[in-house]
Amino acid sequence: MVCGMEIHVELNTKTKIFCSCETKFDAAPNEQCCQVCLGMPGTLPSLNEEVVDKAIVAGLATDCKINGVSKFDRKNYFYKDLPKAYQLTQHFNPICQDGRITIESGKVIRIKQIHIEEDAGKIVNKKDKAFVDYNRSGIPLIEIVSHPDIQTPLQAKEYVEKVQMLMRYTNVSDCKMQEGSMRCDVNISVRKKGSTELGVPVEIKNINSKNFVRKTLEYEFKRQVDLLESGQKVIKQTRRYNEKKNVTEPLRLKESEGDYRYFQDPDLQIVFVDKSRISKILKTMPESFDKKLRRYVEEFHLPYQDAKNILKYKKVMNFFDESTKNVKDKRVAANLIINTIFGELKGQKEEFRVGISLEDFKNLLKKIEDQLLSKNEASKLIKKLMKI
Ligand code: ZN
Ligand code: MN
């Protein structure tokens, strides 16, 4: 299996990329749009600098080179969710290039580039009607493009998981796949072991869960191998994953680059990024995710999975870091968070609406350290507190 991924990540900026509309997720339809994001004639885009900063953070978090000069291009196509009939994207000169991400199994997946672009609106189908909501048009995105280094469905899942953790950790995006703030496209082809000739690629678009990424690739790999082994050909096309049937289905023939008539946007200025801007951003960034993970394991002696589960969610990590500042054995806290608090949480882990205050938790840890309370008693107490 030869697989590369393109992951779209919505940046969590306050306002959109080329206008000052807000970016909240659950606003009423078409409440967050203006003439610019509706593509009205005569309007002009104005680049939100926070978008550039966040894209640089994403690049630094994935070991990319940050380009001093990048540009915006028009990708021309018509669809009802794109009133301008072109998407602004960085086709020829992306802001970040040549990075790398180490996934769970230790394999390094090379990043070809990260470019900035705008999101399109959303089509909502209800019964026999289609509605269009432009709240999403102009939401800033980065597209993280990997080299075809992924060789198994599991590696693909691990890759998506790592991208998600890195982007959350550095506060670039909330990466909620179920809400569409992170969306995955995979390019997959197959080749015989030992052969260097690449097969015909198939693109599967908009996969919205980590498990579906894995399942999609398992299915599509088998489909392509079966085709070739029975003497048929793989057609270059775009497909989608049907989660109910667990199959991939054809969507359309794959468009080629020329179809989009890319050209540099004449309304936007060239993006210049100088060294001082990068070093300023670097100063605001936390220690690298991988380094912190290693520190949790080597210094704090947390089991690897526990360390990962804490780092995965920013609010959990902050709660852990804050509460264990003066605690010698940090494993106790990790254990209580993962085995007791996680079990009692209402709602998502990333929201970490924990029914016990940081102060109370600190006090419990202190009591355990002074041997005034057993871990078991502490766990029971936490459960009681969280039920209130
Ligand atoms: Zn707007
Ligand atoms: Mn894209």
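Look a little higher up for the structure.
Computed from a predicted structure; not experimentally measured.

1. Comments concerning the packing of aromatic side chains
1) Next: Counting across every chain of the model gives 13 aromatic pairs.
2) Next: When the ring of Tyr 169 is compared with that of Phe 289, the centres are 5.3 Å apart and the planes differ by 85 degrees; the resulting orientation is edge-to-face. With a gap of 120 residues between them, Tyr 169 in helix H2 (residues 153–169) and Phe 289 in helix H5 (residues 289–298) connect regions that are remote in the sequence. With respect to class, Tyr 169 is no different from Phe 289; both count as buried.

2. Overview of a nonpolar patch on the surface
1) Next: Together, Val 69, Ile 270 and Phe 272 make up an exposed nonpolar region whose accessible area comes to about 270 Å².
2) Next: Looking at the element boundaries, Phe 272 is found in strand E16 (residues 271–272).
3) Next: Take Phe 272: its relative accessible area is 57%, and that puts it in the exposed class.

3. Quick notes on the coordination of the zinc ion (ligand 1)
Reference values for angles at a metal are 109.5 degrees in the four-donor tetrahedral case and 90 or 180 degrees in the six-donor octahedral case.
1) Next: Around the zinc ion (ligand 1), the protein contributes the donor atoms Cys 19 (SG), Cys 21 (SG), Cys 34 (SG) and Cys 37 (SG), at 2.3 to 2.4 Å from the metal centre.
2) Next: Angles of 102 to 114 degrees at the metal separate the four donor atoms of the zinc ion (ligand 1), which places the site in the tetrahedral class.
3) Next: Mapped onto the sequence, the donors of the zinc ion (ligand 1) take the spacing C-x1-C-x12-C-x2-C. Of the two residues examined, Cys 19 and Cys 21, each falls in the buried class.

4. Here's the deal with the pattern of salt bridges
1) Next: All chains considered together, the criterion is met by 28 salt bridges.
2) Next: Its salt-bridge partner being Glu 218, residue Arg 214 comes within 3.4 Å of it at the nearest N-O pair. In this pair, Arg 214 and Glu 218 are both assigned in helix H3 (residues 210–229), four residues apart and thus about one turn of the helix distant.
3) Next: Residue classification places Arg 214 among the partly exposed positions, given a relative accessible area of 31%.
4) Next: Accessibility expressed as a relative area gives 39% for Glu 218, which makes it partly exposed.
5) Next: Taken together, the shared-partner salt bridges connect Glu 10, Asp 119, Arg 136 and Arg 183 into one network.

5. Notes on helix H7 (residues 314–323)
1) Next: Every buried residue belonging to H7 is among Val 316, Met 317, Phe 319, Phe 320 and Ser 323, and all of these are buried. All buried residues of H7 lie within an arc of 165 degrees about the axis, which places them on one face of the element.

6. Examining the nonpolar core
The nonpolar side chains of a soluble globular protein tend to be buried with one another.
1) Next: In terms of nonpolar packing, the biggest core is built from 96 residues, with Met 5, Ile 142, Tyr 159, Met 167, Ile 341 and Phe 361 touching the most fellow members.
2) Next: With near-sequence residues (within four places) excluded, Met 5 lies in contact with Ile 144, Val 145, Ser 146, Ile 150, Ala 156, Tyr 159, Val 160, Cys 184, Asp 185, Val 186 and Val 213.

7. Some remarks on the pairing of strand E1 (residues 2–10)
1) Next: Burial runs high along E1: nine of the nine residues are buried.
2) Next: Residues Val 2, Gly 4, Glu 6, His 8 and Glu 10 of E1 are buried on one face, and the alternating residues Cys 3, Met 5, Ile 7 and Val 9, pointing to the opposite face, are buried as well.
3) Next: Pairing of E1 with strand E11 (residues 182–189), which is carried by eight bridges, proceeds in the antiparallel orientation. Opposite Ile 7, over in E11, you have Cys 184 as the bridge partner.
4) Next: Taken together, the five bridges between E1 and strand E10 (residues 140–146) define a ladder with antiparallel strand orientation. Counterpart to Glu 6 in the pairing with E10 is Val 145.

8. Concerning unusual backbone geometry
The phi torsion of most residues other than glycine is negative, and most of the peptide bonds are trans.
1) Next: One non-glycine residue, Lys 127, lies in positive phi territory at about 50 degrees.
2) Next: Using a relative accessible area of 89% as the deciding quantity, one classes Lys 127 as exposed.
3) Next: Of note in the backbone geometry, Asn 246 takes a positive phi value of approximately 55 degrees without being a glycine.
4) Next: Considering the arrangement of structural elements, one finds Asn 246 in the loop between strand E13 (237–242) and strand E14 (247–253).
5) Next: Look at Asn 246 and you get partly exposed, because its relative accessible area is 33%.

9. Section: H3
1) Next: Taking 1.5 Å of rise per residue, 20 residues should cover 28 Å, and H3 covers 29 Å from first to last C-alpha, within 8% of that figure.
2) Next: Within the span of H3, buried status applies to Phe 212, Val 213, Thr 216, Leu 217, Glu 220, Arg 223, Gln 224 and Leu 227. Looking straight down H3, one finds its buried side chains confined to an arc of 135 degrees; they lie on one side. Among the exposed residues of H3, those pointing more than 90 degrees away from its buried face are Lys 222 and Glu 229.
3) Next: Each element contacted by the buried residues of H3 is listed here: E1, H2, E11, strand E12 (202–207), E13 and E14.
4) Next: For H3, the N-terminal cap is Ser 209; the gap from its side-chain oxygen to the backbone nitrogen of Asn 211 is 3.3 Å.
5) Next: Positive phi appears at Gly 231, one or two residues downstream of H3, with a value of about 80 degrees.

Parameters and conventions
- Residues numbered from 1 in each chain as written.
- Chains lettered and ligands numbered in written order.
- Predicted model: local features only at pLDDT ≥ 70, side-chain atom pairs only at ≥ 80, totals over all residues.
- Heavy atoms only, no water.
- Phe/Tyr/Trp six-rings, centres within 6.5 Å; stacked < 30°, edge-to-face > 60°.
- Helix = DSSP H or I, 4+ residues; strand = E, 2+ residues; numbered from the N terminus.
- Buried < 20%, exposed > 50% of the residue type's maximum accessible area, 1.4 Å probe, protein only.
- Patch = residues over 30% accessible without salt bridge, like charges linked within 9 Å, V, L, I, M, F, W, Y side chains within 5 Å.
- Areas by Shrake-Rupley, 256 points an atom, 1.4 Å probe, with all protein chains shown as cover.
- Salt bridge = Lys/Arg side-chain N within 4 Å of Asp/Glu carboxyl O.
- Donors = N, O, S within 2.8 Å, 3.2 Å for Na, K, Ca; no water.
- Tetrahedral: all angles 85-135°; square planar, octahedral: opposite > 155°, others 65-115°.
- Arc of directions from axis to C-beta.
- Core = buried A, V, L, I, M, F, W, Y, C linked by side-chain atoms within 4.5 Å.
- Contact = heavy atoms within 4.5 Å.
- Pairing = 2+ DSSP bridges.
- Expected span 1.5 Å × (residues − 1).
- Polar contact = N/O pair within 3.5 Å; in protein donor to acceptor, adjacent residues only side chain to side chain.

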